[in-house]
Amino acid sequence: MRFKSLRARIAFVVVLMMLGAQAAAYVVISSVIERNAISNAQEQLAVAERVFRQVLSTNAEKLTQAATVVAADFGFREAVATHHESTVVSALRNHGSRIDADLVILAGLDGKLIADSRGYTHGSQAFPFRALMQTATHGSERSAIDVIDGRLYQLVAVPVKAPLPVAWVAMGFLIDDRMAREMASLTSLDVSFFDQQPDGRWTTLASTLSAQRTAHMNPSDVADDRYATRVISLTSTGKPVVVVLQRSLTAAMAPFHRLQSTLLVITLIGVLLSIAGSIVTARSVTRPIAALKHFARRVGSGDYAEPIAVSHQDEIGELAQAFNRMQEGISRREHRITELAYTDRLTGLPNRAMFSDRLQQAIAEALPNETPFGVMLMDLDRFKYVNDTLGHPIGDLLLREVALRLRDALAVHSGLVARLGGDEFGVLLPDADLADVERVATQILKALEQPISIEGQPVDVGASIGIVTFPDNGVDMNVLLQRADIAMYVAKRSNAGVARYEERYDNSSAERLSLMSELRRAVEQDQLLLFYQPKVDLSTQTVKYVEALVRWDHPTRGYVSPDQFIPFAEQTGYIKTISYWVADKAIRQCAMWRDVGIELAISINVSARELIQSSLPDTFAGLLRKYNVPAELLWIEITESAIMDDPNHAIETLDRLHALGIRLSVDDFGTGYSSLSYLKRMPVDELKIDKSFVMGMTENRDDETIVRSTIDLAHNMGLKVVAEGVESEAVLQRLTDLECDLAQGFHLSRPLPPDRLEAWLNSWHEARCVTGVR
Ligand code: C2E
Ligand code: CA
Ligand code: CA
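The rules behind the values
Residues numbered from 1 in each chain as written. Chains lettered and ligands numbered in written order. Predicted model: local features only at pLDDT ≥ 70, side-chain atom pairs only at ≥ 80, totals over all residues. Heavy atoms only, no water. Donors = N, O, S within 2.8 Å, 3.2 Å for Na, K, Ca; no water. Helix = DSSP H or I, 4+ residues; strand = E, 2+ residues; numbered from the N terminus. Buried < 20%, exposed > 50% of the residue type's maximum accessible area, 1.4 Å probe, protein only. Polar contact = N/O pair within 3.5 Å; in protein donor to acceptor, adjacent residues only side chain to side chain. Contact = heavy atoms within 4.5 Å. Pairing = 2+ DSSP bridges. Near = heavy atom within 4 Å. Areas by Shrake-Rupley, 256 points an atom, 1.4 Å probe, with all protein chains shown as cover. Nonpolar A, V, L, I, M, F, W, Y, C, P; charged D, E, K, R; others polar. Axes fitted to C-alpha atoms, helices over the stretch in contact; angles between N-to-C directions.

Trainee: Give me the coordination of the calcium ion (ligand 3): which residues, what numbers.
Mentor: Looking at the calcium ion (ligand 3), one finds its protein donor set to be Asp 667 (OD), Asp 668 (OD), Glu 724 (OE) and Glu 724 (OE), positioned 2.1 to 2.5 Å from the metal centre. Here the calcium ion (ligand 3) and the calcium ion (ligand 2) are spaced 4.1 Å apart, linked through Asp 667, which binds each one. Of this pair, Asp 668 sits in strand 22 (residues 663-669) while Glu 724 is found in strand 24 (residues 720-724), placing the two residues 56 residues apart along the sequence. Judged by its relative accessible area of 23%, Asp 668 is partly exposed.

Trainee: Describe the side chain of Gln 744, and please don't skip the residues or the numbers.
Mentor: Tracing the backbone shows Gln 744 in strand 25 (residues 742-744). You can call Gln 744 buried: its relative accessible area is 2%. A polar contact of 2.9 Å, which involves the side chain of Gln 744, links it to the side chain of Lys 688. Not counting residues up to four positions away in its chain, the partners in contact with Gln 744 are Gln 533, Pro 534, Lys 535, Glu 547, Lys 688, Val 722, Ala 723, Glu 724, Gly 725 and Val 726.

Trainee: Tell me about the pairing of strand 5 (residues 165-175), and please be specific about residues and values.
Mentor: For strand 5, the buried fraction is high: nine of the eleven residues fall into the buried class. As defined by bridge partners, strand 1 (residues 103-108) adjoins strand 5 across six bridges and the pair is classed as antiparallel. The residue of strand 5 that forms the bridge with Gly 108 is Ala 167. Of the strand pairs in this sheet, strand 4 (residues 151-161) and strand 5 are connected by ten bridges, and their pairing is antiparallel. When the bridges of strand 5 are listed, Tyr 153 appears paired with Leu 174. Here strand 4 folds back onto strand 5 in antiparallel fashion, the turn holding three residues.

Trainee: Quick one: what's the story with the site of ligand 1, residue by residue and with numbers?
Mentor: Near ligand 1 lie 22 residues; those nearest to it are Gln 533, Arg 551, Asp 667, Glu 727 and Phe 746. In this structure, Asn 605 approaches ligand 1 through a side-chain N or O atom, which is 3.0 Å from an oxygen atom. Side-chain polar atom of Glu 727 to a nitrogen atom of ligand 1: 2.5 Å apart, as the coordinates give it. Surface burial for ligand 1 is 88%, taken as the share of its 790 Å² of free accessible area covered by protein chains. Looking at the shell around ligand 1, the element that brings in the most residues is strand 18 (residues 543-554), giving four residues. Taken together, the residues of the shell around ligand 1 sort by class into eight nonpolar, six polar and eight charged.

Trainee: Run through the sheet that holds strand 12 (residues 424-429), naming residues and quoting values.
Mentor: With respect to topology, five strands assemble into an open sheet ordered 11-12-10-15-16, the strand pairing being mixed. Of all the strands in the sheet, the pair left with one neighbour each is strand 11 (416-421) and strand 16 (498-500). Put simply, the sheet's adjacent strands are angled 20 degrees from each other on average, direction ignored. Taken strand by strand, helix 9 (residues 352-366) contacts strand 10 (373-381), strand 11, strand 12 and strand 15 (462-470), and its axis lies near 25 degrees from that of strand 12.

Rendered as structure tokens:
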């Protein structure tokens, strides 16, 4: 039999064992009882035989005494002698009745019956127990049991002496059913007397049993397992007479049977109790197991809310405690794992994974009602510079400080700040519209403007923040993050600090994709053009330098400004292809002009992304060789912020470029973070003052101050200065006064295609009557 449940198995085993034990006990006790009953009955039989014999011998004595008294009676002896029959009979009766004898007989020595108390006086009748008389004569045994006229008697015979024996007095008790009952009451046995007929059959003489019972009894063979039987032979002479003592075993065992049924009841009660007990035990064992199972399932599904209640002090209790410890351990480790998985180790802020999760969650929550919320991506400006100049430990401390300030700045807004990696941070502002987000962004920037000092060193760090809002800028996490990234890039490029995403940056990723393929086609199909803008030498009025500026002659959009596709190309990595195209085109143009006698140095703009490419110097060297152009005619313009983003890398590349003979110019100077010590270490040849200072310098005194101090600074460092964005004669004049070396701007010339530049050059030189290089 197989049980699925432990409870049933335990119950089954316990019940089985109890049943076995009870049954064994029952069998053993029963057999002991039976044996006891039988031996008890046997003992009773033995006792009964003794009692029986005792009764016989007492009766014999009584009879002997009475018979002796009669035999010795003078009157009786005379009556015998005188053959006075009636006297004899009355004497016999008198004496017999004294002891309630049933038979008193007087017999002659010849054995002939003389008188009989029963009234027989047939002189011819023979004395029925001659044998008894013979044994009595010899004095050995006076008592006998014999059948007379089909009835059983205990008899004694005593001689009548005068003085020699003249007759025999015999006196006897009838052994009948009454006598049997008396015996039975003494011994509490069944008593039956039988005699055997000459043909061997036994006839019942007296019995306590019914005739029916005795009819089937055979004293020679009394084997009957229902009775304990003892057969006692009563005659030694004459025909066989026996008394059969019987004890019904059923009766003998009756009290034992009562005991047995009591035992059976006890056994049954025990079995029932054991069944109940085993069920209760099984349940008490399995109930906590079931609870543990339930608990384990709960823990398995990740619910560690509450421990299991420990009510047992036993092994189950210990198991429950072990479970609780396990649950604690799991939940602690899971907590730790979650912590590790969701926290940035350095700053303790949530990490990118957490940020993504929460953003996803915020989207799901805000989606039904389109509740607005904001997301910001923030990138530190010049972090690499700090890291490289002051070392990583300081960089780490700086990140921690920034993290602290971000946290403080956002404390009141219940927003989430996360470090997404490197010097990039993300902010999630629930329930915030664009105005709210912009306000927070400004607060963050303000917080970072406060001077930061790390280990006593002042560290100047800025940040660029890109802002998007849900659902205006997208309802998908990736779209939102991508657009925030674009906005951040715009902020960085424009040095604006904060920029919010605008559709014109990137309408959709589909449009970006199409722009990408269009740009690729632009290069392949020669839609790109290089325009050249001259830089005029203010002291000599000569033009020896031009800046190459890329143009996109888009088939449908017309001329697309580089400001619109260069950032995109930088983002997608396509800038590499464009740069190569520009460099190839510019250097070839340079060679072509040289061929026609126009000696112009060409400046090429190189973006920050390319600056960190170690292959850049080799590419330029290859192209210079290809077109056989001296390196001195190639200038590279790099924005100040591009250099400061990763100064060590920049310096390495710049050194290599410079070693080739290529000249270097710092573009947009004044907008980024200037480190003079860095500038000094760099092989720079020229500074280009950003056009934002130049254009309004005649109206704005601050701008003029910046321009003037930049010129002074450059000269002090032995560098040339170029002012770009010269849009008026006044500015040109002022720059000349300030002894600026070169000027570039619409007032002098817009960027022009090569042939138109040549024309411009001619007219320029003619107008000033100066001799060209020609
Ligand atoms: P930039 O290097 O600062 O280039 C100067 C920009 O100022 C040019 O704009 C030029 O047309 C403009 N400009 C010149 N004179 C004046 C003036 O008097 N007033 C005003 N308002 N603007 C003047 P452009 O050509 O649209 O180029 C924009 C930017 O695109 C450039 O700024 C440069 O950073 C980038 N760029 C252009 N060509 C290339 C290129 O071939 N490669 C890379 N990497 N970047 C390029
Ligand atoms: Ca430039
Ligand atoms: Ca510039």
